Amino acid sequence: MSAPVVDGGNWWSPAGGRGSGVSRNADGVLRALTFVGFGAIGTAFLVGILTASIEWLLAGIDMLVLGFITTRIARRLAAWDGDDRTATLVLAGLGMKYLGCLLRILLTSIFYSGLADASEYDGWGRILAPHYRVLNFSDDVGALSGTGFMRSVTGVVYALTGSSKPGGYVIFGWLAFIGALLLWRAFRRAVPEGDSPRYAYLLFFLPSMIYWPSALGKDAWSLFCLGLISYGVARVMSKGWVLGLPVAAAGLVGVGMLRPHIALTAFIGMVLAAGVGRTRSVSVGAPLARIVVFGLLFVVGTVLLGRTSAFFGVSSLNQETVAQTLENAQGRTAEAGSNFTPVDVTSNPANFPLAVVTVLFRPFPFEVTNVQSVLSAGEGVFLIWLTWRSRRRLRNLWRQMRDAPYVAYSLGIVLSFTYAFSAFSNFGILARQRVQVLPFFLVLLCIPERAPKADPAELDGIAPAGVAPQEPFAGGPAPDDPYAAYRAEETQRDDPYAAFRETTPRREDPYDR
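Source: prediction; values computed, not measured. (Residues numbered from 1 in each chain as written. Predicted model: local features only at pLDDT ≥ 70, side-chain atom pairs only at ≥ 80, totals over all residues. Heavy atoms only, no water.)

Peer 1: Any chance you could explain the side chain of S214 here in plain terms?
Peer 2: As for its position among the elements, S214 is in the loop between helix 8 (207–211) and helix 9 (218–237). Setting aside anything within four residues of it in sequence, one finds S214 in contact with K97, G100, C101, R104, Y169 and G173. (Helix = DSSP H or I, 4+ residues; strand = E, 2+ residues; numbered from the N terminus. Contact = heavy atoms within 4.5 Å.)

Peer 1: For this particular structure, what's the right way to read the environment of I127?
Peer 2: In this fold, I127 is placed in helix 4 (residues 117–133). Its relative accessible area of 48% is what places I127 among the partly exposed residues. (Buried < 20%, exposed > 50% of the residue type's maximum accessible area, 1.4 Å probe, protein only.)

Peer 1: How do you make sense of the nonpolar core when you look at a structure like this?
Peer 2: A general tendency of soluble globular proteins is for nonpolar side chains to be buried together. Grouped together as the largest cluster of nonpolar side chains are 121 residues, with contacts concentrated most on F204, W221 and Y409. Here the element with the most residues in this core is helix 6 (residues 165–190); it accounts for 17 residues. Beyond its immediate stretch of four places on either side in the chain, F204 contacts L89, G93, M96, F177, A180, L181, W184 and I210. (Core = buried A, V, L, I, M, F, W, Y, C linked by side-chain atoms within 4.5 Å.)

Peer 1: Explain the packing of helix 9 against helix 10 (residues 241–258) to me, please; I cannot follow it from the model alone.
Peer 2: Helices that pack against each other are described as a pair by the angle of their axes relative to one another and the distance between those axes. For the pair helix 9 and helix 10, interaxial distance at closest approach is 7 Å and the crossing angle is 155°. Between helix 9 and helix 10, the interaxial angle falls into the category roughly antiparallel. Crossing of helix 9 over helix 10 shows left-handed handedness. Residues K218, W221, S222, C225, L228, I229, Y231, G232, V233, R235 and V236 of helix 9 pack against W241, L243, G244, L245, V247, A248, G251, L252, G254, V255 and L258 of helix 10. Counted by class, the contact of helix 9 with helix 10 contains 15 nonpolar, 5 polar and 2 charged residues. (Axes fitted to C-alpha atoms, helices over the stretch in contact; angles between N-to-C directions. Parallel < 35°, antiparallel > 145°, perpendicular 65-115°, else oblique. Left-handed = near helix turned anticlockwise from the far one by under 90°. Nonpolar A, V, L, I, M, F, W, Y, C, P; charged D, E, K, R; others polar.)

Peer 1: Could you clarify how one ought to interpret helix 15 (residues 371–389) in this entry?
Peer 2: An α-helical turn contains 3.6 residues, so a residue and the one three or four places further along point in the same direction. Compared with the 27 Å implied by 1.5 Å per residue over 19 residues, the 27 Å span of helix 15 between its first and last C-alpha is a close match. For helix 15, the full list of buried residues reads Q372, S373, S376, A377, E379, G380, L383, L386 and T387. (Expected span 1.5 Å × (residues − 1).)

Peer 1: Can you walk me through the pattern of salt bridges in this structure?
Peer 2: Opposite charge on two side chains permits pairing when their charged atoms draw close. Across all of its chains, the model carries 11 salt bridges by this definition. A salt bridge links R393 to D195, with the shortest nitrogen-to-oxygen separation between them at 3.5 Å. Of this pair, R393 sits in helix 16 (residues 391–394) while D195 sits in the loop between helix 6 and helix 7 (196–205), and the two are 198 residues apart along the sequence. Residue R393 shares its accessibility class with D195, and that shared class is buried. Residues D219 and R259 are paired through a salt bridge, measuring 3.2 Å at the closest nitrogen-oxygen approach. Of the two residues, D219 sits in helix 9 while R259 sits in the loop between helix 10 and helix 11 (260–276), which places them 40 residues apart along the sequence. (Salt bridge = Lys/Arg side-chain N within 4 Å of Asp/Glu carboxyl O.)

Now the structure itself:
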(Lines give C-alpha, C1' and ligand atoms only; values in the text may rest on other atoms or scores of the structure.)
Protein backbone atom coordinates (compact mmCIF):
# COMPACT_ATOMS: atom_id res chain seq x y z
CA MET A 1 0.00 0.00 0.00
CA SER A 2 1.52 3.28 -1.06
CA ALA A 3 1.58 6.22 1.31
CA PRO A 4 0.14 9.41 -0.12
CA VAL A 5 2.31 12.49 -0.01
CA VAL A 6 0.83 15.54 1.64
CA ASP A 7 1.03 18.78 -0.26
CA GLY A 8 3.15 21.54 1.10
CA GLY A 9 4.99 19.54 3.77
CA ASN A 10 2.58 20.63 6.48
CA TRP A 11 1.75 18.80 9.67
CA TRP A 12 -0.67 16.36 8.00
CA SER A 13 1.03 13.03 8.00
CA PRO A 14 0.53 10.41 5.30
CA ALA A 15 -1.69 7.45 5.93
CA GLY A 16 -0.12 4.09 5.98
CA GLY A 17 -0.30 0.80 7.79
CA ARG A 18 -3.01 0.19 10.36
CA GLY A 19 -2.44 3.33 12.37
CA SER A 20 -4.52 6.46 12.14
CA GLY A 21 -1.62 8.35 10.62
CA VAL A 22 -2.04 11.24 13.05
CA SER A 23 1.27 13.07 13.31
CA ARG A 24 3.07 13.15 16.64
CA ASN A 25 3.53 16.88 16.15
CA ALA A 26 -0.24 17.25 15.95
CA ASP A 27 -0.86 15.65 19.33
CA GLY A 28 -0.32 18.87 21.25
CA VAL A 29 -2.62 20.85 18.97
CA LEU A 30 -5.35 18.21 19.18
CA ARG A 31 -5.14 18.04 22.96
CA ALA A 32 -5.41 21.82 23.14
CA LEU A 33 -8.50 21.75 20.93
CA THR A 34 -9.99 19.03 23.13
CA PHE A 35 -9.38 21.13 26.24
CA VAL A 36 -10.92 24.25 24.69
CA GLY A 37 -13.89 22.36 23.32
CA PHE A 38 -14.64 20.47 26.52
CA GLY A 39 -14.58 23.79 28.31
CA ALA A 40 -18.04 24.13 26.77
CA ILE A 41 -19.27 21.61 29.35
CA GLY A 42 -18.17 23.85 32.20
CA THR A 43 -19.70 26.83 30.39
CA ALA A 44 -23.08 25.09 30.16
CA PHE A 45 -23.08 24.28 33.87
CA LEU A 46 -21.89 27.79 34.75
CA VAL A 47 -24.65 29.44 32.72
CA GLY A 48 -27.19 27.05 34.24
CA ILE A 49 -26.08 27.91 37.78
CA LEU A 50 -25.84 31.68 37.22
CA THR A 51 -29.23 31.90 35.50
CA ALA A 52 -30.92 29.12 37.50
CA SER A 53 -31.76 27.48 34.17
CA ILE A 54 -32.68 23.82 34.26
CA GLU A 55 -32.36 23.70 30.48
CA TRP A 56 -28.68 24.66 30.54
CA LEU A 57 -28.01 22.20 33.34
CA LEU A 58 -29.65 19.49 31.21
CA ALA A 59 -27.44 20.55 28.30
CA GLY A 60 -24.37 20.13 30.52
CA ILE A 61 -25.52 16.66 31.57
CA ASP A 62 -26.12 15.77 27.91
CA MET A 63 -22.56 16.84 27.11
CA LEU A 64 -21.16 14.65 29.87
CA VAL A 65 -23.15 11.58 28.82
CA LEU A 66 -22.38 12.00 25.13
CA GLY A 67 -18.73 12.68 25.95
CA PHE A 68 -18.55 9.39 27.86
CA ILE A 69 -20.13 7.50 24.95
CA THR A 70 -17.78 9.12 22.47
CA THR A 71 -14.76 8.32 24.63
CA ARG A 72 -15.71 4.65 24.55
CA ILE A 73 -16.09 4.83 20.77
CA ALA A 74 -12.75 6.62 20.42
CA ARG A 75 -10.92 4.00 22.48
CA ARG A 76 -12.49 1.21 20.46
CA LEU A 77 -11.38 2.84 17.22
CA ALA A 78 -7.90 3.42 18.63
CA ALA A 79 -7.64 -0.26 19.53
CA TRP A 80 -8.83 -1.20 16.05
CA ASP A 81 -6.25 1.11 14.42
CA GLY A 82 -3.51 0.10 16.83
CA ASP A 83 -2.82 3.79 17.48
CA ASP A 84 -3.84 5.78 20.58
CA ARG A 85 -3.72 9.00 18.55
CA THR A 86 -6.99 8.01 16.89
CA ALA A 87 -8.73 8.62 20.22
CA THR A 88 -7.01 12.02 20.52
CA LEU A 89 -8.27 13.02 17.09
CA VAL A 90 -11.85 11.89 17.74
CA LEU A 91 -12.09 13.65 21.11
CA ALA A 92 -10.65 16.85 19.63
CA GLY A 93 -13.36 16.72 16.96
CA LEU A 94 -16.04 16.28 19.63
CA GLY A 95 -14.63 19.19 21.61
CA MET A 96 -14.86 21.45 18.57
CA LYS A 97 -18.41 20.27 17.96
CA TYR A 98 -19.38 21.26 21.52
CA LEU A 99 -17.84 24.66 20.90
CA GLY A 100 -19.77 24.93 17.63
CA CYS A 101 -23.04 24.23 19.45
CA LEU A 102 -22.43 27.07 21.93
CA LEU A 103 -21.43 29.45 19.13
CA ARG A 104 -24.53 28.55 17.15
CA ILE A 105 -26.77 29.30 20.15
CA LEU A 106 -24.96 32.59 20.83
CA LEU A 107 -24.89 33.87 17.25
CA THR A 108 -28.51 32.87 16.63
CA SER A 109 -29.49 34.96 19.65
CA ILE A 110 -27.37 37.93 18.50
CA PHE A 111 -28.11 38.05 14.77
CA TYR A 112 -31.62 36.56 14.63
CA SER A 113 -32.95 37.34 18.15
CA GLY A 114 -33.38 33.61 18.69
CA LEU A 115 -35.76 33.30 15.72
CA ALA A 116 -34.69 30.23 13.76
CA ASP A 117 -36.02 26.85 12.68
CA ALA A 118 -34.72 25.45 15.95
CA SER A 119 -37.30 27.50 17.86
CA GLU A 120 -40.13 25.88 15.95
CA TYR A 121 -38.78 22.37 16.48
CA ASP A 122 -38.17 23.13 20.15
CA GLY A 123 -41.80 24.22 20.60
CA TRP A 124 -43.14 21.11 18.91
CA GLY A 125 -40.77 18.90 20.87
CA ARG A 126 -42.14 20.25 24.16
CA ILE A 127 -45.70 19.52 23.02
CA LEU A 128 -45.02 16.03 21.69
CA ALA A 129 -42.59 14.72 24.34
CA PRO A 130 -45.14 14.09 27.14
CA HIS A 131 -47.40 12.22 24.72
CA TYR A 132 -44.57 10.18 23.23
CA ARG A 133 -43.45 9.07 26.70
CA VAL A 134 -46.77 7.27 27.12
CA LEU A 135 -46.63 5.97 23.53
CA ASN A 136 -49.34 8.31 22.32
CA PHE A 137 -48.44 9.24 18.74
CA SER A 138 -51.80 10.65 17.70
CA ASP A 139 -50.70 14.31 17.50
CA ASP A 140 -50.94 15.83 14.04
CA VAL A 141 -47.52 17.15 13.00
CA GLY A 142 -48.50 17.58 9.36
CA ALA A 143 -47.15 15.41 6.59
CA LEU A 144 -44.63 12.94 7.98
CA SER A 145 -41.89 14.25 5.72
CA GLY A 146 -39.75 17.35 5.72
CA THR A 147 -40.67 19.67 8.57
CA GLY A 148 -43.32 17.31 9.98
CA PHE A 149 -40.79 14.52 10.25
CA MET A 150 -38.33 16.84 11.98
CA ARG A 151 -40.98 17.82 14.53
CA SER A 152 -41.55 14.17 15.35
CA VAL A 153 -37.83 13.46 15.69
CA THR A 154 -37.49 16.37 18.11
CA GLY A 155 -40.40 15.01 20.12
CA VAL A 156 -38.70 11.62 20.40
CA VAL A 157 -35.43 13.24 21.48
CA TYR A 158 -37.13 15.38 24.13
CA ALA A 159 -39.12 12.38 25.36
CA LEU A 160 -35.82 10.59 26.05
CA THR A 161 -33.64 13.44 27.31
CA GLY A 162 -35.98 16.13 28.64
CA SER A 163 -37.13 19.37 27.05
CA SER A 164 -34.17 21.68 26.66
CA LYS A 165 -33.39 23.89 23.69
CA PRO A 166 -29.64 24.08 24.48
CA GLY A 167 -29.74 20.32 25.05
CA GLY A 168 -31.41 19.90 21.65
CA TYR A 169 -28.55 21.80 20.04
CA VAL A 170 -26.03 19.54 21.78
CA ILE A 171 -27.76 16.27 20.88
CA PHE A 172 -28.30 17.11 17.23
CA GLY A 173 -24.78 18.53 17.00
CA TRP A 174 -23.48 15.25 18.39
CA LEU A 175 -25.48 13.30 15.80
CA ALA A 176 -23.84 15.43 13.09
CA PHE A 177 -20.44 14.65 14.62
CA ILE A 178 -21.21 10.91 14.53
CA GLY A 179 -22.15 11.35 10.89
CA ALA A 180 -18.76 12.97 10.19
CA LEU A 181 -17.04 10.18 12.12
CA LEU A 182 -18.82 7.56 9.99
CA LEU A 183 -17.80 9.42 6.84
CA TRP A 184 -14.17 9.32 7.94
CA ARG A 185 -14.28 5.61 8.71
CA ALA A 186 -16.02 4.98 5.39
CA PHE A 187 -13.18 6.74 3.58
CA ARG A 188 -10.54 4.77 5.47
CA ARG A 189 -12.26 1.51 4.62
CA ALA A 190 -13.16 2.15 0.98
CA VAL A 191 -10.11 4.21 -0.08
CA PRO A 192 -7.29 2.57 1.94
CA GLU A 193 -4.55 4.36 -0.01
CA GLY A 194 -6.14 7.78 0.50
CA ASP A 195 -4.87 10.46 2.87
CA SER A 196 -7.03 9.56 5.86
CA PRO A 197 -5.58 12.10 8.35
CA ARG A 198 -6.07 14.99 5.94
CA TYR A 199 -9.68 13.93 5.40
CA ALA A 200 -10.32 13.66 9.15
CA TYR A 201 -8.83 17.09 9.88
CA LEU A 202 -10.94 18.71 7.16
CA LEU A 203 -14.13 16.95 8.26
CA PHE A 204 -13.75 17.74 11.95
CA PHE A 205 -12.17 21.20 11.86
CA LEU A 206 -13.43 23.12 8.83
CA PRO A 207 -15.36 26.08 10.29
CA SER A 208 -18.55 25.37 8.34
CA MET A 209 -18.52 21.71 9.42
CA ILE A 210 -18.12 22.83 13.04
CA TYR A 211 -20.71 25.59 12.95
CA TRP A 212 -23.64 24.89 10.64
CA PRO A 213 -24.61 21.29 11.56
CA SER A 214 -24.47 22.11 15.29
CA ALA A 215 -28.06 23.10 15.87
CA LEU A 216 -31.45 21.58 16.47
CA GLY A 217 -32.48 21.25 12.84
CA LYS A 218 -32.42 19.47 9.51
CA ASP A 219 -28.76 20.00 8.66
CA ALA A 220 -27.48 17.95 11.59
CA TRP A 221 -29.93 15.11 10.96
CA SER A 222 -29.12 15.09 7.25
CA LEU A 223 -25.37 14.86 7.90
CA PHE A 224 -25.93 12.02 10.37
CA CYS A 225 -27.94 10.06 7.81
CA LEU A 226 -25.41 10.74 5.04
CA GLY A 227 -22.77 9.27 7.36
CA LEU A 228 -24.90 6.15 7.79
CA ILE A 229 -25.43 5.81 4.03
CA SER A 230 -21.75 6.30 3.22
CA TYR A 231 -20.49 3.89 5.87
CA GLY A 232 -22.96 1.28 4.67
CA VAL A 233 -21.89 1.82 1.06
CA ALA A 234 -18.22 1.53 2.05
CA ARG A 235 -18.87 -1.76 3.82
CA VAL A 236 -20.79 -3.16 0.86
CA MET A 237 -17.89 -2.20 -1.42
CA SER A 238 -15.42 -4.00 0.87
CA LYS A 239 -17.37 -7.26 1.24
CA GLY A 240 -19.10 -6.22 4.45
CA TRP A 241 -22.59 -6.22 2.99
CA VAL A 242 -24.20 -8.07 5.93
CA LEU A 243 -23.91 -4.93 8.09
CA GLY A 244 -23.53 -2.47 5.23
CA LEU A 245 -26.90 -3.00 3.59
CA PRO A 246 -29.08 -2.34 6.68
CA VAL A 247 -26.94 0.63 7.74
CA ALA A 248 -27.18 2.23 4.28
CA ALA A 249 -30.91 1.48 4.15
CA ALA A 250 -31.45 3.14 7.55
CA GLY A 251 -29.61 6.23 6.36
CA LEU A 252 -31.62 6.40 3.14
CA VAL A 253 -34.89 6.14 5.05
CA GLY A 254 -33.78 8.76 7.58
CA VAL A 255 -32.74 11.38 5.05
CA GLY A 256 -35.48 10.37 2.58
CA MET A 257 -38.13 11.23 5.14
CA LEU A 258 -36.54 14.63 5.73
CA ARG A 259 -35.04 15.65 2.38
CA PRO A 260 -35.81 13.16 -0.40
CA HIS A 261 -33.74 15.13 -2.91
CA ILE A 262 -30.63 14.58 -0.76
CA ALA A 263 -31.36 10.85 -0.67
CA LEU A 264 -31.66 11.03 -4.46
CA THR A 265 -28.18 12.55 -4.78
CA ALA A 266 -26.79 9.67 -2.69
CA PHE A 267 -28.62 7.23 -4.95
CA ILE A 268 -27.05 8.83 -8.05
CA GLY A 269 -23.64 8.38 -6.41
CA MET A 270 -24.39 4.68 -5.87
CA VAL A 271 -25.39 4.25 -9.51
CA LEU A 272 -22.19 5.91 -10.74
CA ALA A 273 -20.09 3.74 -8.42
CA ALA A 274 -21.84 0.57 -9.58
CA GLY A 275 -21.43 1.49 -13.24
CA VAL A 276 -17.82 2.72 -13.16
CA GLY A 277 -16.21 0.64 -10.42
CA ARG A 278 -14.08 -2.28 -11.47
CA THR A 279 -15.20 -5.71 -10.29
CA ARG A 280 -12.29 -7.32 -8.44
CA SER A 281 -13.91 -10.69 -7.97
CA VAL A 282 -13.13 -13.29 -10.63
CA SER A 283 -15.78 -15.74 -9.47
CA VAL A 284 -18.50 -16.92 -11.84
CA GLY A 285 -21.08 -15.24 -9.61
CA ALA A 286 -19.63 -11.74 -10.05
CA PRO A 287 -21.78 -10.85 -13.13
CA LEU A 288 -24.88 -12.12 -11.33
CA ALA A 289 -24.03 -10.01 -8.27
CA ARG A 290 -23.74 -6.92 -10.47
CA ILE A 291 -27.16 -7.63 -11.96
CA VAL A 292 -28.64 -7.96 -8.46
CA VAL A 293 -27.04 -4.66 -7.42
CA PHE A 294 -28.51 -2.81 -10.39
CA GLY A 295 -31.88 -4.43 -9.70
CA LEU A 296 -31.85 -3.18 -6.12
CA LEU A 297 -30.75 0.27 -7.26
CA PHE A 298 -33.61 0.38 -9.75
CA VAL A 299 -36.13 -0.35 -6.99
CA VAL A 300 -34.55 2.21 -4.63
CA GLY A 301 -34.41 4.81 -7.39
CA THR A 302 -38.07 4.33 -8.27
CA VAL A 303 -39.09 4.86 -4.65
CA LEU A 304 -36.87 7.92 -4.23
CA LEU A 305 -38.10 9.52 -7.44
CA GLY A 306 -41.67 9.10 -6.25
CA ARG A 307 -40.96 10.58 -2.83
CA THR A 308 -38.96 13.47 -4.29
CA SER A 309 -41.68 14.41 -6.78
CA ALA A 310 -44.28 14.27 -3.98
CA PHE A 311 -42.03 16.36 -1.73
CA PHE A 312 -41.81 19.12 -4.35
CA GLY A 313 -45.49 18.82 -5.29
CA VAL A 314 -45.01 17.70 -8.89
CA SER A 315 -46.51 14.68 -10.62
CA SER A 316 -43.14 13.35 -11.82
CA LEU A 317 -39.54 14.41 -12.15
CA ASN A 318 -38.63 15.34 -15.71
CA GLN A 319 -36.74 18.15 -17.35
CA GLU A 320 -39.73 20.52 -17.22
CA THR A 321 -40.72 19.88 -13.59
CA VAL A 322 -37.08 19.97 -12.43
CA ALA A 323 -36.62 23.33 -14.12
CA GLN A 324 -39.81 24.62 -12.48
CA THR A 325 -38.72 23.35 -9.07
CA LEU A 326 -35.32 25.02 -9.40
CA GLU A 327 -37.00 28.26 -10.48
CA ASN A 328 -39.26 28.15 -7.41
CA ALA A 329 -36.23 27.54 -5.19
CA GLN A 330 -34.54 30.55 -6.75
CA GLY A 331 -37.54 32.74 -5.94
CA ARG A 332 -37.80 31.55 -2.34
CA THR A 333 -34.11 31.91 -1.57
CA ALA A 334 -33.91 35.36 -3.17
CA GLU A 335 -36.38 36.76 -0.64
CA ALA A 336 -33.80 36.95 2.17
CA GLY A 337 -30.65 39.04 2.31
CA SER A 338 -27.27 38.11 0.76
CA ASN A 339 -29.01 37.23 -2.49
CA PHE A 340 -27.20 36.98 -5.83
CA THR A 341 -27.93 35.98 -9.40
CA PRO A 342 -27.66 32.18 -9.61
CA VAL A 343 -26.08 30.22 -12.43
CA ASP A 344 -28.63 28.80 -14.86
CA VAL A 345 -27.79 25.20 -15.80
CA THR A 346 -31.22 23.99 -16.93
CA SER A 347 -31.31 26.06 -20.12
CA ASN A 348 -27.54 26.21 -20.65
CA PRO A 349 -25.61 23.12 -19.45
CA ALA A 350 -22.35 24.81 -20.48
CA ASN A 351 -22.69 26.87 -17.28
CA PHE A 352 -22.23 23.77 -15.13
CA PRO A 353 -18.54 24.49 -14.25
CA LEU A 354 -19.64 27.93 -13.01
CA ALA A 355 -22.35 26.26 -10.96
CA VAL A 356 -19.74 23.99 -9.36
CA VAL A 357 -17.67 27.02 -8.38
CA THR A 358 -20.75 28.78 -6.98
CA VAL A 359 -22.01 25.86 -4.93
CA LEU A 360 -18.61 24.89 -3.51
CA PHE A 361 -16.67 28.15 -3.11
CA ARG A 362 -18.80 31.30 -3.15
CA PRO A 363 -19.17 33.94 -1.77
CA PHE A 364 -15.89 35.45 -2.90
CA PRO A 365 -14.23 38.09 -0.67
CA PHE A 366 -15.64 40.95 -2.77
CA GLU A 367 -19.20 39.58 -2.33
CA VAL A 368 -19.36 39.66 1.48
CA THR A 369 -22.11 41.64 3.20
CA ASN A 370 -21.85 40.63 6.88
CA VAL A 371 -19.64 38.90 9.42
CA GLN A 372 -20.90 35.42 8.60
CA SER A 373 -20.30 35.88 4.88
CA VAL A 374 -16.74 37.03 5.65
CA LEU A 375 -16.09 33.69 7.36
CA SER A 376 -17.70 31.79 4.46
CA ALA A 377 -15.59 33.70 1.96
CA GLY A 378 -12.42 32.93 3.92
CA GLU A 379 -13.22 29.24 3.91
CA GLY A 380 -14.03 29.40 0.19
CA VAL A 381 -10.62 30.90 -0.55
CA PHE A 382 -8.98 28.16 1.50
CA LEU A 383 -10.88 25.47 -0.41
CA ILE A 384 -9.86 27.01 -3.74
CA TRP A 385 -6.22 26.98 -2.61
CA LEU A 386 -6.53 23.40 -1.36
CA THR A 387 -8.11 22.31 -4.64
CA TRP A 388 -5.21 23.82 -6.57
CA ARG A 389 -2.70 22.14 -4.28
CA SER A 390 -4.52 18.84 -4.86
CA ARG A 391 -4.39 18.98 -8.66
CA ARG A 392 -2.13 15.92 -8.85
CA ARG A 393 -4.70 14.01 -6.85
CA LEU A 394 -7.51 15.18 -9.13
CA ARG A 395 -5.54 13.99 -12.18
CA ASN A 396 -5.74 10.53 -10.63
CA LEU A 397 -9.53 10.75 -10.31
CA TRP A 398 -10.54 8.37 -13.09
CA ARG A 399 -8.16 5.62 -12.00
CA GLN A 400 -9.36 5.94 -8.41
CA MET A 401 -12.98 5.83 -9.52
CA ARG A 402 -12.24 2.50 -11.16
CA ASP A 403 -10.12 1.07 -8.35
CA ALA A 404 -12.07 2.54 -5.40
CA PRO A 405 -15.77 2.94 -6.39
CA TYR A 406 -16.36 5.03 -3.26
CA VAL A 407 -14.61 7.86 -5.10
CA ALA A 408 -17.12 7.52 -7.95
CA TYR A 409 -19.91 7.50 -5.36
CA SER A 410 -18.60 10.78 -3.92
CA LEU A 411 -18.24 12.40 -7.35
CA GLY A 412 -21.81 11.42 -8.24
CA ILE A 413 -23.09 13.16 -5.11
CA VAL A 414 -21.05 16.30 -5.84
CA LEU A 415 -22.32 16.56 -9.43
CA SER A 416 -25.98 15.87 -8.62
CA PHE A 417 -25.93 18.17 -5.58
CA THR A 418 -24.44 20.95 -7.70
CA TYR A 419 -27.22 20.60 -10.24
CA ALA A 420 -29.94 20.56 -7.58
CA PHE A 421 -28.64 23.55 -5.61
CA SER A 422 -27.36 25.69 -8.47
CA ALA A 423 -30.67 27.59 -8.44
CA PHE A 424 -30.18 28.84 -4.88
CA SER A 425 -29.69 32.60 -4.91
CA ASN A 426 -28.81 33.30 -1.28
CA PHE A 427 -25.27 32.95 0.07
CA GLY A 428 -26.41 32.33 3.65
CA ILE A 429 -28.70 29.45 2.72
CA LEU A 430 -26.13 28.06 0.28
CA ALA A 431 -23.37 28.10 2.92
CA ARG A 432 -25.61 26.14 5.30
CA GLN A 433 -26.72 23.62 2.70
CA ARG A 434 -23.14 23.15 1.46
CA VAL A 435 -22.16 21.08 4.51
CA GLN A 436 -24.12 18.18 3.00
CA VAL A 437 -21.83 17.99 -0.04
CA LEU A 438 -18.49 19.15 1.40
CA PRO A 439 -17.59 15.73 2.87
CA PHE A 440 -17.86 14.18 -0.59
CA PHE A 441 -15.96 16.96 -2.34
CA LEU A 442 -13.19 16.57 0.25
CA VAL A 443 -12.93 12.87 -0.69
CA LEU A 444 -11.74 14.00 -4.13
CA LEU A 445 -9.02 16.16 -2.51
CA CYS A 446 -7.73 13.27 -0.37
CA ILE A 447 -7.32 10.47 -2.91
CA PRO A 448 -3.76 9.29 -3.66
CA GLU A 449 -1.68 11.46 -5.93
CA ARG A 450 -1.00 10.40 -9.46
CA ALA A 451 2.59 9.14 -9.62
CA PRO A 452 4.68 11.19 -12.07
CA LYS A 453 5.85 9.32 -15.16
CA ALA A 454 9.53 8.48 -15.04
CA ASP A 455 11.80 9.48 -17.94
CA PRO A 456 12.90 6.27 -19.75
CA ALA A 457 16.37 7.76 -20.11
CA GLU A 458 16.63 8.06 -16.35
CA LEU A 459 15.71 4.41 -15.91
CA ASP A 460 18.59 3.20 -18.11
CA GLY A 461 21.00 1.17 -16.04
CA ILE A 462 18.92 1.38 -12.87
CA ALA A 463 18.57 -2.04 -11.31
CA PRO A 464 15.58 -3.11 -9.20
CA ALA A 465 15.81 -2.64 -5.46
CA GLY A 466 18.14 -5.17 -3.85
CA VAL A 467 19.90 -6.12 -7.13
CA ALA A 468 23.38 -4.85 -7.83
CA PRO A 469 23.68 -2.89 -11.09
CA GLN A 470 25.43 -4.80 -13.88
CA GLU A 471 27.34 -3.60 -16.85
CA PRO A 472 25.91 -4.43 -20.27
CA PHE A 473 27.23 -7.68 -21.77
CA ALA A 474 28.08 -6.20 -25.16
CA GLY A 475 31.34 -4.32 -25.08
CA GLY A 476 32.01 -5.21 -21.45
CA PRO A 477 32.60 -8.13 -19.11
CA ALA A 478 29.95 -10.80 -18.95
CA PRO A 479 27.53 -10.56 -16.04
CA ASP A 480 28.37 -12.61 -13.00
CA ASP A 481 26.91 -16.07 -12.72
CA PRO A 482 24.13 -15.66 -10.11
CA TYR A 483 24.67 -19.30 -9.05
CA ALA A 484 28.45 -19.05 -8.68
CA ALA A 485 28.35 -18.39 -4.96
CA TYR A 486 26.00 -21.32 -4.47
CA ARG A 487 28.26 -23.66 -6.39
CA ALA A 488 31.32 -22.49 -4.45
CA GLU A 489 29.52 -23.14 -1.21
CA GLU A 490 28.54 -26.62 -2.38
CA THR A 491 32.15 -27.51 -3.23
CA GLN A 492 33.40 -26.25 0.11
CA ARG A 493 31.11 -28.37 2.21
CA ASP A 494 32.91 -30.93 4.41
CA ASP A 495 32.61 -34.60 3.70
CA PRO A 496 30.23 -35.86 6.41
CA TYR A 497 32.01 -39.25 6.44
CA ALA A 498 35.56 -37.89 6.69
CA ALA A 499 35.75 -38.09 10.48
CA PHE A 500 34.34 -41.62 10.43
CA ARG A 501 36.98 -42.75 7.97
CA GLU A 502 39.81 -41.26 10.02
CA THR A 503 38.80 -42.96 13.29
CA THR A 504 37.86 -46.32 11.88
CA PRO A 505 40.84 -48.64 11.13
CA ARG A 506 40.94 -49.91 7.65
CA ARG A 507 39.92 -53.53 7.40
CA GLU A 508 42.06 -55.91 5.46
CA ASP A 509 40.64 -57.21 2.28
CA PRO A 510 40.26 -60.97 2.75
CA TYR A 511 40.44 -61.44 -0.99
CA ASP A 512 43.58 -59.41 -1.42
CA ARG A 513 45.94 -62.36 -1.81
